[in-house]
Amino acid sequence: MVHNIGELVTNVAGTGEGGPLGLRRRAAVLIEQGEIVWVGPDGDAPNADRRIDAGGAAVLPGFVDSHAHLVFAGDRAAEFAARMAGQPYTGGGIRTTVGATRAASDEELRATVRRLHAEALRQGTTTIEIKSGYGLTVADEARSLRIAAEFSEETTFLGAHVVPTEYADRPDEYVGLVCGPMLTAAAPYARWIDVFCERGAFDADHARAILACGQALGLGVRVHANQLGPGPGVRLGVELGAASVDHCTHLTDADIEALASTRFDCMCHDGGHTTTVATLLPGAEFSTRSPYPDARRLLDAGVTVALATDCNPGSSYTSSMPFCIALAVREMGMIPAEAVWAATAGGARALRRDDIGVLRPGARADLIILDAPSHLHLAYRPGVPLIRQVLHNGVPR
Ligand SMILES: [Zn+2]
């Protein structure tokens, strides 16, 4: 039993004070075997054999980070410093990490994932999607996903991250490798398939072919889309029924209309959702000193928005969802409630999950107790460690 909760974010629309966060005051949550079994007023709380006193603080669902690249070796601090000295970001540095990752042992890769996974958990992230994409050989992509699957059930095959150097003049051949033996080796460890659809990476035809091969094997679709410039990624994602299109920094009106056209009515959130979620990754714009995506424009068009870290050693080496919430509020036109929803329930939508990102009976008991009286403090007090306690599957961490 978590009791004496001053402000409870349930993300159940129509609850308590209403609004997307479904806020309740003076509440309690009862947990049994990793699952929430009761949510209600503090005074009505049933007996429990173990009690955690929230001390009047805010409690919310654990963050759902639906976009992270944790399987890699080395870092790119020097590249970051060069960028801050004025060099532009092109995505080319991915190949540096590919070299280091291929040279690393399984145990080195596993240690990095373990460290970042623990770092994210300490900051309130109870679900984190993990992509491959720094191996780019059949064996290295398969082992990246095998290691990722030790830490998360949300694993994504990103063999189409960039065309590796050895295939630089034979991109068609590399696409054949990704669709064939690489996908076959990776699929047993992956739930999703993703492509970096961008100038300098994969064009629409290559991306469509790769994603369709993954779909044929039962993998769900996600796309890295419209990060560095306008392009076909978002519309391709919508065409293929992607769960999420990620980055969405450079969108045309047609891109927004395509996303909005996937909207359907749903009682679980104010009015409905879009089948394809726009996942915004402001850590990438922060770390590449680039203009931020316009979340306000997406939200006003009725598009469902998620926030995620894009944690990776090149363009966004943060595992902090609170940091992303603060950026989204300060730089992207979101109000705090929208940003908190996007970092919890929005991430769950982007992973097509309804058992996380929400605090209601039947949901997984993933919740965080803040060192603050309100969710507002996540954006209001940027850079401050506000996560007092994390419960993951009902277990205090
Ligand atoms: Zn990414």
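Refer to the structure above for everything that follows.
These remarks concern the structure in this document. (Residues numbered from 1 in each chain as written. Predicted model: local features only at pLDDT ≥ 70, side-chain atom pairs only at ≥ 80, totals over all residues. Heavy atoms only, no water.)

1. Section: the packing of helix α5 (residues 171-186) against helix α6 (residues 204-216)
Argument step 1. Direction vectors running N to C along α5 and α6 enclose 10°, while the axes themselves pass 10 Å from each other. Judged on the interaxial angle alone, α6 and α5 are roughly parallel. Residues P171, D172, V175, V178, C179 and L183 of α5 form the contact with α6, whose own contacting residues are H206, A209, I210, C213 and G214.
Argument step 2. By residue class, the composition of the contact of α5 with α6 is 8 nonpolar, 2 polar and 1 charged. (Axes fitted to C-alpha atoms, helices over the stretch in contact; angles between N-to-C directions. Helix = DSSP H or I, 4+ residues; strand = E, 2+ residues; numbered from the N terminus. Parallel < 35°, antiparallel > 145°, perpendicular 65-115°, else oblique. Contact = heavy atoms within 4.5 Å. Nonpolar A, V, L, I, M, F, W, Y, C, P; charged D, E, K, R; others polar.)

2. A closer look at helix α8 (residues 253-260)
Argument step 1. Residues of α8 that are buried: D255, I256, A258 and L259. All buried residues of α8 fall inside an arc of 160° around its axis, so they share one side. Turned more than 90 degrees off the buried face of α8, the exposed positions are D253 and E257. (Buried < 20%, exposed > 50% of the residue type's maximum accessible area, 1.4 Å probe, protein only. Arc of directions from axis to C-beta.)

3. Some remarks on the coordination of the zinc ion
Argument step 1. Around the zinc ion, the protein contributes the donor atoms H67 (NE2), H69 (NE2), H224 (NE2) and D310 (OD), which lie 2.0 to 2.3 Å from the metal centre.
Argument step 2. Classification of the site at the zinc ion as irregular follows from its 4 donor atoms and the range of 84 to 167° in their angles at the metal. (Donors = N, O, S within 2.8 Å, 3.2 Å for Na, K, Ca; no water. Tetrahedral: all angles 85-135°; square planar, octahedral: opposite > 155°, others 65-115°.)

4. Concerning unusual backbone geometry
Argument step 1. Notably, N4 is not glycine yet its phi reads approximately 55°, a positive angle.
Argument step 2. Mapped onto the fold, N4 is located in strand β1 (residues 2-8).
Argument step 3. One non-glycine residue, N393, lies in positive phi territory at about 55°.
Argument step 4. As for its placement among the helices and strands, N393 is situated in the loop between β18 (387-392) and β19 (395-396).

5. Looking at the packing of helix α3 (residues 106-122) against helix α4 (residues 138-148)
Argument step 1. Two elements in contact, α3 and α4, have axes separated by 10 Å at closest approach and are oriented at 45°. Put simply, α3 runs oblique to α4. Crossing of α3 against α4: the hand is right-handed. Contact residues: α3 offers D106, L109, R110 and V113, while α4 offers R143, R146 and I147.
Argument step 2. Its residues placed into classes, the contact of α3 with α4 shows 3 nonpolar, no polar and 4 charged. (Left-handed = near helix turned anticlockwise from the far one by under 90°.)

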